[in-house]
Amino acid sequence: MLTFAFYTNSDMLRNIVIILIAVLALTSCHKRNVKNVKAKKADSMVGIDVHTLSNADSIDMQHLDLDINVDMAKKQISGCALWTINNRTKQKELKLDTYDLTIDSVYVDGQKVPYQLDSPIKFLGSALHIPVSSSSKMVKICYRTGKDARALQWLDPQQTYDKKYPFLYTQSESIYARSWIPCADGPGIRFTYSAKVSVPKGLMALMSATNPQEKNDSGTYRFNMEIPIPAYLMALAVGDITFSSIDDRTGVYAEPGMIEKARYEFEDVGRMVNTAEQLYGPYRWGRYDVLVLPPGFPIGGMENPRLTFCTPTIIAGDRSLVSLIAHELAHSWSGNLVTNATWDDFWMNEGFTDYFERRIVEQMLGKSYSDMLWELGYQDLVTAVNDLSKENPKDTWLKLDLKGRDPDDGLTDIPYEKGAHFLKLIENTVGRDRFDQFLAKYFDAHAFKTITTEAFLAYMDTTLLKDDSVSKKSLDINAWVYGPGIPANCPRAGQERFMKVDAERIKFLNDTPPANLATVDWTTHEWLQFLRQMPPALSSNQMARLDDAFRFTKTGNSEIADLWFVMAVRANYTPAFPEMETFLSSVGRRKFLEPLYGEMMKTPHGVEMAVRLYQKYRKNYHPLAQESLDKLILKK
Ligand SMILES: [Zn+2]
């Protein structure tokens, strides 16, 4: 998941890094109406994945056949999940993950059976125990979702772009699939699925599967995903959605009022898939489509197979943000094809994807462009290391230790940026050609499988680094994977374009009129460098001069807008506040909301503003964004 946005503007391209930090603390404790069992500690589970309560390490979860009804008025999903299992180790019970689900009945091979739902464990939810025998094949669970389903955002019509129909979408990563499907919810557990989804007539349903391209009269849609995927890639969206084709394997879905803009914005997506294939081998998922969600989507993008979910904040009208898709597309190799075995190995998904995404950008836009992404990423890495070192230095290791914690605690810049820089170092050390051949083979050898950090390091040791003790020594792998901070051999990108930006900033600070600065060809990334490196607080007068020359307050570019509004709060530059309120009312990305509200929370006057605005617009945000912002604003 995540979001790296690249921006093209006519010939120009801009890119930007967007990281989202999901912070969720589960506080609900609904008692179940079934026999309660004393809650177990999260760290007493079997298997290497400490975030699933299932026993799917002993029982194969082969296929899911989902038959659900989506009630937009009641804001509830109900129906049955029929699992095909192979009880190869002759277990006496099947254990599945659930979160705030009401279980109505359970059947094993057609026979109704008693079951047991544990009391909820913080973060993890409730284990569902189902008696099975060694010959059991089909397990059916009929259930309803609860109002605390963390994966689901139910939007009222006024929260959508067209404001006519309600909308639902899911966000299952990291462990939220269990809040809408009883499942074995670990990244290392793969299964195929088919689904029948009934929605109100007039709405369309889409999943991470083969998808319809037009609405039907019945309101019932059927889906098939014949390639095994983990539960965190289960996805569903329901709304007034329409489709527009880009080429024979790519296209875009959006609300009718957004579809033309979205189609225009994503013109280059087909070309991007071709570029990715040239780098690391065939795209193996069939179609690649993009769904543009209503503004409340809490993250930039989610790599749901065959159908990337993305924020509408990348629809800028000038294709300036379309390359955000490069990150989600890259996940079709790193993440969806070769998947981290546990959330402790998250860098295996995100570090690889950041690296891959920058290679796509370099291919499409040139090295001086991707160098800017690397440098902004390095700055983010330094900030993350500084922040995390204070509380828990081990959170700056690549291999994480999330035992007993919310897996979203690991969603920092470390797996993304430290991971990507580690791979960049390997590339620099062994040479690009050798590294590219290795990566292509790695994706091929591990296709549709999961991998731990240790298995990857062992694979690299016996292939890429075999008989190359010089490279091995200079990489200092342990310092990267099992050590804190930024190792001394961390590579840095070229600074060619940013040196020019820095020179212009110094001129401005020495009172050169902004209109005289050489900014004419700047992309979003140059503007971000220009603003990021300003002194901590500019005067209102300096802010006004910048605004007069560059119209930052009115920018349609949400990356620049967010940074500018943070600076406006810091400088108490009030002319920007009305536009800032509009921004906060319409944008749901935590990457934007958290720094902006966070800056307000630093002064008494700002706290008053943050509380007032948050209370007004909280309902527009996704439950995941609400959870982290509640902590930041309401619980202080
Ligand atoms: Zn990602």
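Report follows, based on the coordinates. (Residues numbered from 1 in each chain as written. Predicted model: local features only at pLDDT ≥ 70, side-chain atom pairs only at ≥ 80, totals over all residues. Heavy atoms only, no water.)

1. Some thoughts on the overall build of the protein
Right, on to step 1. Across its full length, the protein holds 18 helices and 23 strands.
Right, on to step 2. Its C-alpha atoms give the protein a radius of gyration of 24 Å, within 12% of the compact-globule value 26 Å for 636 residues.
Right, on to step 3. For the protein, the spread of C-alpha atoms along the principal axes amounts to about 80 × 65 × 50 Å.
Right, on to step 4. For the protein, buried positions account for 63% of its 636 residues.
Right, on to step 5. Partitioning the contacts of the protein with sequence separation of at least 6, the portion at a separation of at least 24 is 73%.
Right, on to step 6. For the protein, the exposed area adds up to about 23100 Å²; of that, 51% sits on carbon and sulfur atoms. (Helix = DSSP H or I, 4+ residues; strand = E, 2+ residues; numbered from the N terminus. Rg over C-alpha atoms; globule rule 2.2 N^0.38 Å. Buried < 20%, exposed > 50% of the residue type's maximum accessible area, 1.4 Å probe, protein only. Contact = heavy atoms within 4.5 Å. Areas by Shrake-Rupley, 256 points an atom, 1.4 Å probe, with all protein chains shown as cover.)

2. Some words on the pattern of salt bridges
Right, on to step 1. Per the stated rule, a full pass over the model turns up 42 salt bridges.
Right, on to step 2. E267 is the salt-bridge partner of R263, the closest N and O atoms lying 2.8 Å from each other.
Right, on to step 3. A salt bridge links D409 to R405; the nearest nitrogen and oxygen atoms lie 3.5 Å apart.
Right, on to step 4. Under the relative-accessibility criterion, D409 is labelled partly exposed at 29%.
Right, on to step 5. The structure contains a network of salt bridges with shared partners spanning E362, K424, E427 and R432. (Salt bridge = Lys/Arg side-chain N within 4 Å of Asp/Glu carboxyl O.)

3. Things to note about the pairing of strand β16 (residues 236-239)
Right, on to step 1. The side-chain alternation of β16 yields two buried faces, one formed by L236 and V238 and the other by A237 and G239.
Right, on to step 2. Across four bridges, strand β14 (residues 204-207) lies against β16 in antiparallel orientation. From the neighbouring strand, M204 faces β16, where its bridge partner is G239. (Pairing = 2+ DSSP bridges.)

4. Regarding the packing of helix α14 (residues 558-571) against helix α15 (residues 577-586)
Right, on to step 1. One way to put it is that α14 packs onto α15 with a least axis distance of 10 Å and a crossing angle of 130°. If you check the angle between α14 and α15, you find them oblique. Considering only the axes of α14 and α15, their crossing is left-handed. Two secondary-structure elements touch here, α14 through S558, A561, D562, F565, A568 and V569 and α15 through F577, E579, M580 and F583.
Right, on to step 2. Residue composition of the contact of α14 with α15, grouped by class: seven nonpolar, one polar and two charged. (Axes fitted to C-alpha atoms, helices over the stretch in contact; angles between N-to-C directions. Parallel < 35°, antiparallel > 145°, perpendicular 65-115°, else oblique. Left-handed = near helix turned anticlockwise from the far one by under 90°. Nonpolar A, V, L, I, M, F, W, Y, C, P; charged D, E, K, R; others polar.)

5. Examining the packing of aromatic side chains
Right, on to step 1. Applying the stated rule across the entire model yields 43 aromatic pairs.
Right, on to step 2. Judged by centre distance (5.6 Å) and plane angle (50°), the rings of F550 and F552 are tilted. There is no split in this pair, since F550 and F552 are both buried.
Right, on to step 3. Measuring from centroid to centroid gives 5.6 Å for Y597 and Y614, while their planes differ by 75°, and the two rings are edge-to-face. Linking Y597 in helix α16 (residues 590-600) with Y614 in helix α17 (residues 604-617), this pair joins segments that are 17 residues apart in sequence.
Right, on to step 4. A residue is classified by how much of its surface remains accessible, and Y597, at 0% relative accessible area, is buried. (Phe/Tyr/Trp six-rings, centres within 6.5 Å; stacked < 30°, edge-to-face > 60°.)

6. Considerations on the sheet that holds strand β11 (residues 152-155)
Right, on to step 1. The antiparallel open sheet is built from four strands, whose spatial order is β11-β12-β16-β14. Taken across any chain shown, the strands that pair with only one partner, and hence form the sheet edges, are β11 and β14. Across the sheet, the mean angle separating the axes of adjacent strands is 10° when strand polarity is ignored.

7. As for the sheet that holds strand β20 (residues 301-302)
Right, on to step 1. The five strands are arranged β17-β18-β19-β21-β20 in an open sheet whose pairing can be described as mixed. Looking along the sheet, the strands with just one partner apiece sit at the ends: β17 (242-245) and β20.
Right, on to step 2. Across four bridges, the pairing between strand β19 (residues 288-292) and strand β21 (residues 307-310) is parallel. Within the sheet, the bridge partner assigned to D289 lies in β21 and is L307.

8. Some points on helix α7 (residues 432-445)
Right, on to step 1. Between the first and last C-alpha of α7 there are 20 Å, a value that for 14 residues agrees with the 20 Å anticipated at 1.5 Å per step.
Right, on to step 2. Those residues of α7 not exposed but buried are F435, D436, F438, L439, Y442 and F443. The buried residues of α7 occupy one face: seen down the axis, they fall within an arc of 160°. Opposite its buried face, α7 presents the exposed residues D433, Q437 and K441, each directed more than 90 degrees away.
Right, on to step 3. If you follow the buried residues of α7, they end up packed against α2 (269-280), β22 (338-340), α4 (347-365), α6 (413-430), β23 (449-451) and α8 (453-462). (Expected span 1.5 Å × (residues − 1). Arc of directions from axis to C-beta.)

9. A closer look at the state of the cysteines
Right, on to step 1. Counted according to the given criterion, the structure contains one disulfide.
Right, on to step 2. Covalently, C80 is tied to C142 through a disulfide, its sulfur atoms 2.2 Å apart. Disulfide C80-C142: the torsion about the S-S bond is 100°, which places it as right-handed. Linking C80 in strand β4 (residues 76-86) with C142 in strand β10 (residues 138-145), this pair joins segments that are 62 residues apart in sequence. Take C80 and C142: they sit in the same class, and that class is buried.
Right, on to step 3. Of the cysteine sulfurs around C183, a residue in no disulfide, the closest is that of C80, at 15 Å.
Right, on to step 4. By relative accessible area, C183 is classed as buried at 1%. (Disulfide = S-S within 2.5 Å.)

10. As for the side chain of S208
Right, on to step 1. Structurally, the position occupied by S208 is in the loop between β14 and β15 (220-230).
Right, on to step 2. Residue classification places S208 among the buried positions, given a relative accessible area of 0%.
Right, on to step 3. A polar atom in the side chain of S208 sits 2.8 Å from the backbone oxygen of L233.
Right, on to step 4. At 3.3 Å, the side chain of S208 forms a polar contact with the backbone nitrogen of A235.
Right, on to step 5. Setting aside its immediate chain neighbours within four residues, S208 contacts Y193, M225, I229, L233, M234, A235, N304 and P305. (Polar contact = N/O pair within 3.5 Å; in protein donor to acceptor, adjacent residues only side chain to side chain.)

11. Some points on the nonpolar core
Right, on to step 1. Residues I130, W180, M207, L236 and F266 are the most contacted members of the largest nonpolar core, which totals 154 residues.
Right, on to step 2. For M207, the residues in contact, after removing those within four places along its chain, are L66, W180, Y193, A195, V197, F223, M234, A235, L236 and L307.
Right, on to step 3. Residues M543, L563, M601 and L613 belong to the second largest nonpolar core, which totals 52 residues. (Core = buried A, V, L, I, M, F, W, Y, C linked by side-chain atoms within 4.5 Å.)

12. Description of the environment of R492
Right, on to step 1. Relative to the helices and strands, R492 is located in the loop between α10 (477-481) and α11 (496-509).
Right, on to step 2. Once the C-alpha coordinates of R492 and L425 are considered, the two residues, 67 residues apart in sequence, prove to be 9.2 Å apart.
Right, on to step 3. Side-chain polar atoms of R492 contact the side chain of E375, separated by 3.1 Å.

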